[in-house]
Amino acid sequence: NHPVSGGKQTALSSVSFFNPEKLHSLTIQPLYPVTPSRPPSTVSYVERARQHRWRCSDVTFHCSDGALRQQWIQTIREQLTALTSRPKHLLVYINPYGGKQQGECIYEQKVAPLFACASISTDVIVTEHANHARDHLKTEAELKKYDGVVCVGGDGMFSEIVHGLVSRTQRDNGVDQNSPEEKLVPCSLRIGIIPAGSTDCICYATVGINDPVTSALHVIVGDSQPMDVCSVHHNNTFLRYSISLLGYGFYGDVLADSERKRWMGPARYDFSGFKTFLTHHHYEGAVSFLPATDILGTPRDKTRCRAGYVTLPNLCFCSIPEYEVGWGVVRGKFLAINAASMSCACPRSPMGLSPAAHLADGTTDLILVRKCSRFNFLRHLLRHTSKDDQFDMTFVEVHRVRRFRFTPRHCQNDSELDLRENGKQLFSQICRDHPACSCSPAYSSWNCDGEILPHAAIEVGVHCQLIKLFARGIEEQPLFEDLANPPCAL
Ligand SMILES: CCCCCCCCCCCCC/C=C/[C@@H](O)[C@H](CO)NC(=O)CCCCCCCCCCCCCCC
Ligand SMILES: Nc1ncnc2c1ncn2[C@@H]1O[C@H](COP(=O)(O)OP(=O)(O)OP(=O)(O)O)[C@@H](O)[C@H]1O
Ligand SMILES: [Ca+2]
């Protein structure tokens with residue numbers, strides 16, 4: 001019996017509302033009265049749009065009965081207070097130099113107004129240098145004050161937050177990160193990513209799109225998506241964590257080259273990708289791995305990690321002793337050795353490096369691309385841009401694993417670093433000896449979520465569901481009728 005109209009109006013106050021059926025709503029805003037006797041009220045809510053985008057809309061209710069109106073607002077407030085998963089106080093880090101250097105602008109214009117509308121208070125830190133956010137989280141931040149940490153930036157910025165939070169959690173719990181066998185303690189605070197980077201692969205694979213408003217709305221409604229984290233060690237020394245891609249050979253060389261071209265912005269990856277493709281270096285070594293034998297899926301099946309995918313936590317990291325399963329070893333010359341702990345879907349490759357990889361199953365997909373012709377490697381790369389199976393090639397193999405190690409051929413015991421130092425010398429010596437050959441250097445670098453690692457010989461273990469994001473995984477595309485449905489009133 002009460003007329004409903006759309007459109008935004010200035011709010012007097014706001015509370016949030018959530019209808020799990022179709023709409024994930026946000027706020028009800030009792031408005032300035034149109035006439036003093038009949039003040040309308042506006043409910044803001046989340047509406048699904050195309051390609052996994054979420055948008056904030058609102059609906060205005062007019063009610064002639066002031067008491068009834070108050071009752072509506074009261075009821076909505078009570079319902080919202082009962083939603084304990086929604087964050088109320090967030091710590092926000094903005095990288096002003098990520099991606100196209102739009103981080104601050106994106107946050108101020110698109111995200112801050114939504115947080116304010118949802119009554120979320122924030123402490124905002126604009127970072128002043130690389131690792132500012134990581135070190136602040138590791139040592140100073142008063143984490144008890146917050147319900148979550150949000151980063152505005154790309155995958156590199158997200159990685160900083162993960163390193164800060166994971167290290168802090170281990171330190172607070174007396175866990176030694178340097179031991180590769182150690183079981184790490186999961187972080188309690190959820191992490192939100194407002195995409196403003198070059199690749200935004202974590203955001204793309206956990207939300208389905210790199211759109212700041214969509215990500216802000218996932219934070220507001222208090223979504224939670226657990227994620228695996230790989231720890232990387234060298235000689236019992238902790239190096240880094242990886243959440244998306246650990247890549248040696250092609251992706252390591254692309255990254256090393258692209259770091260020198262940061263001024264090009266996101267286009268640096270395409271430039272360096274093309275250059276690395278032409279260079280066509282291969283690297284020799286041995287990969288040993290512990291296959292995940294107790295899981296249902298394989299990297300070659302057609303299942304996709306989608307919202308609501310459930311894993312069996314009791315089958316996660318370290319639950320099966322290594323000696324029961326046995327390690328596999330593959331030796332040879334490789335163009336690329338990639339470990340994808342999640343699909344690594346991104347705008348360059350909408351299905352990702354490993355389309356069937358799961359966000360939170362305690363495994364990583366180890367992809368070995370053996371030395372092959374440029375033409376065949378191009379065919380393999382091109383398949384990342386379509387639905388064709390990039391693993392269905394004789395020179396490619398893929399294993400779903402819980403741990404793996406890589407030893408480069410020229411690495412003997414602890415002398416790897418010396419060799420690496422002298423790597424260029426070694427390479428040029430070889431090439432002087434064989435002037436007509438097309439030798440590859442002895443070593444590539446590991447690309448660990450967009451950071452170069454200082455060692456080629458590494459040991460990697462997957463830690464099942466070590467962190468949680470303000471996300472829900474990629475939702476199956478809703479039917480068109482759902483999009484057309486008008487918002488539900490209370
Ligand atoms: C012919 C087209 C083939 C296109 C094949 C594209 C496959 C792209 C797969 C991208 C996977 C990204 C994984 C994400 C890694 C992130 O943790 C990390 C940090 O942000 N990003 C990068 O390291 C950034 C890595 C960016 C890598 C870009 C590689 C571009 C390759 C271009 C090859 C061109 C060959 C052209 C030959 C004519
Ligand atoms: N104030 C700052 N000045 C310089 N570097 C910073 C600053 N804040 C963060 N960084 C560093 O910038 C690097 C890149 O940031 P970010 O991930 O946001 O963007 P990107 O590299 O363009 O995107 P992507 O990682 O998606 O490719 C990060 O590794 C981070 O450590
Ligand atoms: Ca995984």
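Here is what the cut-offs are and how they apply
Residues numbered from 1 in each chain as written. Chains lettered and ligands numbered in written order. Predicted model: local features only at pLDDT ≥ 70, side-chain atom pairs only at ≥ 80, totals over all residues. Heavy atoms only, no water. Core = buried A, V, L, I, M, F, W, Y, C linked by side-chain atoms within 4.5 Å. Buried < 20%, exposed > 50% of the residue type's maximum accessible area, 1.4 Å probe, protein only. Helix = DSSP H or I, 4+ residues; strand = E, 2+ residues; numbered from the N terminus. Contact = heavy atoms within 4.5 Å. Near = heavy atom within 4 Å. Polar contact = N/O pair within 3.5 Å; in protein donor to acceptor, adjacent residues only side chain to side chain. Areas by Shrake-Rupley, 256 points an atom, 1.4 Å probe, with all protein chains shown as cover. Nonpolar A, V, L, I, M, F, W, Y, C, P; charged D, E, K, R; others polar. Domains from an automatic or database assignment. Salt bridge = Lys/Arg side-chain N within 4 Å of Asp/Glu carboxyl O. UniProt positions renumbered as here; feature names shortened; annotations may be inferred. Donors = N, O, S within 2.8 Å, 3.2 Å for Na, K, Ca; no water. Phe/Tyr/Trp six-rings, centres within 6.5 Å; stacked < 30°, edge-to-face > 60°. Lys NZ or Arg CZ within 6 Å of the ring centre and 35° of its normal. Expected span 1.5 Å × (residues − 1).

As named in an unreviewed UniProt entry, the protein chain is Ceramide kinase, taken from Oncorhynchus kisutch.

Trainee: When you look at the nonpolar core in this model, what are you seeing that I'm missing?
Mentor: Where a protein is soluble and globular, its nonpolar side chains tend to be buried together. If you look at the biggest cluster of nonpolar residues, it comprises 64 residues, and the most contacted ones within it are Y93, L137, F158, I161, L165 and I467. Sorting elements by how many residues they give to this core places helix α4 (residues 155–172) first, with six residues. Those residues in contact with L165 that lie beyond four places of it in its chain are L137, L143, V149, C187, L189 and I191.

Trainee: I keep staring at the site of ligand 1 and nothing clicks. Help me out?
Mentor: If you check the shell around ligand 1, you find 23 residues, and the closest are D155, T199, S244, N447 and D449. In this structure, S244 approaches ligand 1 through a side-chain N or O atom, which is 2.9 Å from an oxygen atom. Across the complex, the protein chains shield 87% of the 840 Å² of accessible surface that ligand 1 would expose by itself. Going through the elements one at a time, α8 (268–279) and α10 (374–382) are the ones with two or more residues in the shell around ligand 1. The element best represented in the shell around ligand 1 is α8, accounting for four residues. Among the residues forming the shell around ligand 1, the class breakdown is 12 nonpolar, eight polar and three charged. Both of domain 1 (1–224 + 470–490) and domain 2 (228–412 + 426–465) provide at least three residues apiece to the shell around ligand 1.

Trainee: Looking at this structure, I do not really get the pattern of salt bridges. What am I missing?
Mentor: Pairing of side chains with opposite charge becomes possible as their charged atoms draw close. Across all of its chains, the model carries 21 salt bridges by this definition. For R260, the salt bridge goes to D257, with nearest N and O atoms at 3.2 Å. The partner of D389 in a salt bridge is R300, and the shortest N-O contact between them spans 3.0 Å. Remark: R300 occurs in the loop between β12 (283–291) and α9 (322–325) and D389 occurs in the loop between α10 and β15 (396–408); sequence separation between them is 89 residues. Within this structure, R48, D223, R472 and E475 form a network of salt bridges that share partners.

Trainee: Would you mind going over the UniProt feature "domain: DAGKc" (unreviewed entry) in the protein chain with me for this structure?
Mentor: What UniProt calls "domain: DAGKc" (unreviewed entry) maps, in this numbering, to residues 85–236. Secondary structure content for residues 85–236 is 38% helix and 22% strand, and the end C-alpha separation is 38 Å.

Trainee: Can you walk me through unusual backbone geometry in this structure?
Mentor: Residues apart from glycine generally show negative phi values, whereas peptide bonds are mostly found in trans. A positive phi is found at H280, a non-glycine position, where the angle reads about 55°. By the secondary structure assignment, H280 is in the loop between α8 and β12. Relative accessible area serves as the criterion here: at 18%, H280 is assigned to the buried category. Phi at C344 is positive, roughly 65°, even though this residue is not glycine. Overall, C344 belongs to the buried group, its relative accessible area being 6%.

Trainee: Any chance you could explain the side chain of S444 here in plain terms?
Mentor: Residue placement: S444 occurs in the loop between α12 (423–433) and β16 (446–448). In terms of polar contacts, S444 uses its side chain to reach the backbone amide nitrogen of G249, at 3.0 Å. Of the polar contacts made by the side chain of S444, one reaches the side chain of D253; its length is 2.8 Å.

Trainee: Please explain the coordination of the calcium ion (ligand 3) as it appears in this structure.
Mentor: Each pair of donors in an ideal four-coordinate tetrahedral metal site encloses 109.5 degrees, whereas pairs in an ideal six-coordinate octahedral site enclose 90 or 180 degrees. Protein ligation of the calcium ion (ligand 3) involves D228 (OD), S341 (O), H358 (O), D361 (OD) and T363 (O), the donor distances falling in the range 2.3 to 2.6 Å. Taken in chain order, the donor set of the calcium ion (ligand 3) reads D-x112-S-x16-H-x2-D-x1-T. With D228 in strand β9 (residues 225–234) and H358 in the loop between β13 (328–340) and β14 (364–370), this residue pair connects regions lying 130 residues apart in the sequence. Under the relative-accessibility criterion, D228 is labelled buried at 1%.

Trainee: Hey, could you run me through the packing of aromatic side chains in this one?
Mentor: Two measures describe an aromatic ring pair: the distance that separates the ring centres and the angle between the ring planes. By the definition in use, this model includes 11 aromatic pairs. Here Y248 and W446 contribute two aromatic rings whose centre-to-centre distance is 5.1 Å and whose plane-to-plane angle is 40°, an arrangement assigned as tilted. Taken as a pair, Y248 in strand β11 (residues 245–249) and W446 in strand β16 lie far apart in primary sequence, 198 residues in all. By the burial criterion, Y248 is buried, and W446 matches it. Among the aromatic residues, those joined into a cluster by ring pairs are Y248, Y283, F404, F406 and W446. Between R268 and the ring centre of Y269, over which it is positioned, the NZ or CZ distance is 4.5 Å. The residue whose ring lies beneath R405 is W327, and the NZ or CZ to ring-centre distance is 4.3 Å.

Trainee: Help me understand α4 in this model?
Mentor: Along an α-helix, residues three or four apart share an orientation, since each turn contains 3.6 residues. Between the first and last C-alpha of α4 there are 25 Å, a value that for 18 residues agrees with the 26 Å anticipated at 1.5 Å per step. Burial analysis of α4 places 15 of its 18 residues in the buried class, which makes it a mostly covered element.

Trainee: I'm lost on the site of ligand 2 in this one. Help?
Mentor: By nearness alone, 23 residues border ligand 2, and G99, T127, G154, E160 and S198 come closest of all. Take T127: an N or O atom from its side chain is 2.7 Å from a nitrogen atom of ligand 2. In this structure, an oxygen atom belonging to ligand 2 sits 3.4 Å away from a side-chain N or O atom of R262. Surface burial for ligand 2 is 88%, taken as the share of its 620 Å² of free accessible area covered by protein chains.

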